[in-house]
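# Summary of the model geometry
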Amino acid sequence: MELLKVKTIDEMKKIINETFKDLTLENETIEISHGLGRVLSSDIVSTMDVPHFDRSVVDGYAVKLTDIQGASNAIPGFLRITGEVQMGKETTESLHQGETLYVPTGGMVPSGTEAMIMIEYTEKLGTKDLAIYTNAGANENMMRIGDDIRNGELVFSRGHLLRPQDIGVLSALGYQHIEVYKRPRLSIISTGDEIIRPGETPKPGEVIDINTPALAAVAKRLGAEVISTSYARDDREEIRSAVVKGIENGDMVILSGGSSMGEKDYTVQVIDGLGQVLLHGLAVKPGKPTILGTVSQKPVIGLPGQPAAAIMVLMIVLQEFMKRYYGQDVFKYQTVQGILMENIHAAPGRRTFQTVSISKTENGIEVRPSHGKSGMITLLSYSDGYIEITENEEGKNTGDQVEVTLF
Ligand SMILES: Nc1nc2c(c(=O)[nH]1)N[C@H]1C(S)=C(S)[C@@H](COP(=O)(O)OP(=O)(O)OC[C@H]3O[C@@H](n4cnc5c(N)ncnc54)[C@H](O)[C@@H]3O)O[C@H]1N2
Ligand code: MOO
């Protein structure tokens, strides 16, 4: 009897770190408008102050502190209006004792301004005089030069994953182009005689391809570029030539299906013939029939055909590869803590990835296991995330505090 010689998740991570220790990515220059989700390949150090002029953050009046000291509703301060600042224009006037100027939100304050008073706390008396009904502290309602970003400040470090707000910061610093890592380029091959392409009508026994689009989406979310998707029947030669093509054109190959020990499960034989099988069988649930191999020093991942298992395993394995490529843990999954509302039994000796749904209640976040087979695609869609039960645990109990990794 032949059984899969399973390896634990930790052993798998060790294999990846040792076998693929030299994985690196080249850089490329892109427009910042294409920067979302990309990873900076160099530090960003500011070469300017932001803002580069003292500016108001309210619509109101520029004042000197001594002029409005103790001003209140009952005892207002009185100032002479000497002018008005124009938006987008340099302000050449200065503010003198007993005077004020109107400044719109974002406008450049006159030199000598010590605070801004919001228009709501003032009253115009005729055209030239202003009553002020409130006090203010130094720099109140103002931004000074460099308050946001100082010239010479390290703004983002190499390895930073760009979010929408970061693109805004780069634009504020005058960047139109940035240096980012090239994304790892991978090919996805879906195997199986029963698999038909989306758009075709399945006959009994046939299955519309779920894994290709779903796995491509996992890969994209983890910062990879999917350069090709293809199909192979359960045929050693077809699978072999698809793998060869993927290795020639890209950085990594992902195979779906045919990873178990069935008579027509050729993935492991193909990888063995072209390179080396590093692992066949992972001590996880779901996803035991997972394969990891290398061909021409490039990784080949063989995923189980069951869609939920394939997606979960790729989320975990590819994240480990991304750590190697980027030299740090760039693409982290979000987690939340919650209280388990039902007992969960796990398979000892395997790391169980239990899908769960969460709900926010007055008592905090409640976590409930979502049940289903790994062949069900909705299992993941109707779940919010998963909890991990380690190899040494027999399960989890109602009332346990658990960490949920969110999908
Ligand atoms: N004797 C044993 N049988 C099985 C074992 C085992 O240890 N011993 N493990 C089971 C587990 S767990 C899984 S998971 C599957 C994995 O098998 P394969 O990786 O060989 O996958 P296939 O047999 O090709 O497919 C399994 C299942 O998934 C469907 N599938 C495959 N590709 C797609 C796709 N692109 N889109 C949608 N659905 C897909 C396929 O039709 C099958 O229903 O092995 C168990 N068996
Ligand atoms: O563990 Mo399999 O991977 O059930 O679906």
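Just so it is clear, the model here is predicted, and its values are computed rather than measured.

Calculation rules
- Residues numbered from 1 in each chain as written.
- Chains lettered and ligands numbered in written order.
- Predicted model: local features only at pLDDT ≥ 70, side-chain atom pairs only at ≥ 80, totals over all residues.
- Heavy atoms only, no water.
- Near = heavy atom within 4 Å.
- Polar contact = N/O pair within 3.5 Å; in protein donor to acceptor, adjacent residues only side chain to side chain.
- Areas by Shrake-Rupley, 256 points an atom, 1.4 Å probe, with all protein chains shown as cover.
- Salt bridge = Lys/Arg side-chain N within 4 Å of Asp/Glu carboxyl O.
- Helix = DSSP H or I, 4+ residues; strand = E, 2+ residues; numbered from the N terminus.
- Buried < 20%, exposed > 50% of the residue type's maximum accessible area, 1.4 Å probe, protein only.
- Expected span 1.5 Å × (residues − 1).
- Phe/Tyr/Trp six-rings, centres within 6.5 Å; stacked < 30°, edge-to-face > 60°.
- UniProt positions renumbered as here; feature names shortened; annotations may be inferred.
- Arc of directions from axis to C-beta.
- Contact = heavy atoms within 4.5 Å.
- Core = buried A, V, L, I, M, F, W, Y, C linked by side-chain atoms within 4.5 Å.
- Pairing = 2+ DSSP bridges.
- Axes fitted to C-alpha atoms, helices over the stretch in contact; angles between N-to-C directions.

## Some details on the site of ligand 1
Around ligand 1 sit 21 residues, and of these Glu194, Asp209, Ile210, Ser259 and Gly305 come closest. Glutamate 194 places a polar side-chain atom, nitrogen or oxygen, 2.6 Å from an oxygen atom of ligand 1. Bound to the protein, ligand 1 loses 67% of the 870 Å² it would expose on its own.

## Details of the pattern of salt bridges
The final tally for this structure, using the stated rule, is 13 salt bridges. Here arginine 38 and glutamate 28 are joined by a salt bridge, their closest N and O atoms 2.7 Å apart. Remark: glutamate 28 occurs in strand β1 (residues 27–31) and arginine 38 occurs in the loop between β1 and β2 (44–45); sequence separation between them is ten residues. Take arginine 38: its relative accessible area is 5%, and that puts it in the buried class. Under the relative-accessibility criterion, glutamate 28 is labelled partly exposed at 26%. With a shortest N-O distance of 3.1 Å, arginine 351 and glutamate 391 are connected by a salt bridge. One end of the pair, arginine 351, is in strand β24 (residues 351–361); the other, glutamate 391, is in the loop between β26 (385–389) and β27 (395–396), and 40 residues separate them in sequence. For glutamate 391, a relative accessible area of 15% corresponds to the buried category. It is possible to trace a salt-bridge network through shared partners that takes in Asp10, Arg351, Glu388 and Glu391.

## Observations regarding helix α7 (residues 307–326)
A rise of 1.5 Å per residue sets the reference length of α7, with its 20 residues, at 28 Å; its end C-alpha atoms lie 27 Å apart and thus fit the reference within 8%. For α7, the buried fraction is high: 18 of the 20 residues fall into the buried class. Downstream of α7 by a residue or two, glycine 327 has a phi angle that is positive, lying close to 75°.

## Looking at the packing of aromatic side chains
In this structure the tally under the stated criterion is six aromatic pairs. Measuring from centroid to centroid gives 5.5 Å for tyrosine 181 and tyrosine 326, while their planes differ by 75°, and the two rings are edge-to-face. Separated by 145 residues along the polypeptide, tyrosine 181 in strand β12 (residues 177–181) and tyrosine 326 in helix α7 bring together distant segments of the chain. The buried category is assigned to tyrosine 181, whose relative accessible area is 8%. A relative accessible area of 3% means that tyrosine 326 is categorised as buried. Taking 6.0 Å as the distance between ring centres and 50° as the angle between the ring planes, the aromatic pair formed by tyrosine 386 and phenylalanine 407 counts as tilted. Here tyrosine 386, found in strand β26, pairs with phenylalanine 407, found in the segment after β28 (401–406); they are 21 residues apart in sequence, far enough to count as distant. Taking relative accessible area as the criterion, tyrosine 386 reaches 3% and is therefore assigned buried. Residue class for phenylalanine 407 comes out partly exposed when judged on its relative accessible area of 26%.

## A word on the UniProt feature "domain: MoaB/Mog" (unreviewed entry) in the protein chain
The UniProt record marks residues 187–324 with the feature "domain: MoaB/Mog" (unreviewed entry), using the residue numbering of this structure. What you have in residues 187–324 is 37% helix and 29% strand, and the ends, taken at the C-alpha atoms, are 18 Å apart.

## A look at unusual backbone geometry
A cis geometry characterises the amide bond from valine 50 onward to proline 51, with omega recorded as -10°. With respect to the secondary-structure elements, proline 51 resides in the loop between β2 and β3 (55–56). The phi torsion at asparagine 139 lies on the positive side, around 65°, for a residue other than glycine. When you line up the elements, asparagine 139 lands in the loop between β9 (129–132) and β10 (142–143).

## As for helix α1 (residues 9–19)
Note: α-helices contain 3.6 residues per turn, so residues at a spacing of three or four share the same orientation. Those residues of α1 that sit buried are Ile9, Met12, Ile15 and Ile16. On an axial view of α1, the arc spanned by its buried residues comes to 115°, and they lie on one face. Next to the buried residues of α1 lie β18 (276–280), β19 (284–285), β20 (291–295), α7 and β24.

## Thoughts on the environment of isoleucine 196
Mapping isoleucine 196 onto the fold places it in strand β14 (residues 195–196). On the basis of relative accessibility, which here comes to 7%, the residue isoleucine 196 falls in the buried class. In the structure, isoleucine 196 is positioned 35 residues away from tyrosine 231 in sequence and 8.7 Å away in space, judged by C-alpha atoms. Among residues more than four places away in sequence, those in contact with isoleucine 196 are Thr201, Pro202, Glu206, Val207, Ile208 and Asp209.

## Description of the nonpolar core
Leu292, Ile301, Leu318, Phe321 and Tyr326 are the most contacted members of the largest nonpolar core, which has 47 residues in total. When contributions to this core are tallied by element, the ones reaching two or more residues are α1, β13 (185–191), α4 (211–221), β17 (252–256), β18, β21 (298–303), α7 and α8 (378–381). Per-element accounting of this core gives the leading share, 14 residues, to α7. Setting aside its immediate chain neighbours within four residues, leucine 318 contacts Leu186, Ala219, Leu222, Met252 and Val313. Of all hydrophobic cores here, the second largest spans 15 residues; its members include Ile189, Ile247, Val295 and Val300.

## Brief notes about the sheet that holds β20
Taken together, the six strands give an open sheet; going across it, the order is β16-β13-β17-β21-β20-β18, and neighbouring strands pair in mixed fashion. Among the strands making up the open sheet, the edge pair consists of β16 (225–232) and β18. Within the sheet, the average angular offset between the axes of one strand and its neighbour, ignoring direction, is 20°. Bridging between β13 and β16 involves seven bridges; their strand directions are parallel. Its bridge partner being in β16, arginine 185 is matched across the sheet by glutamate 225.

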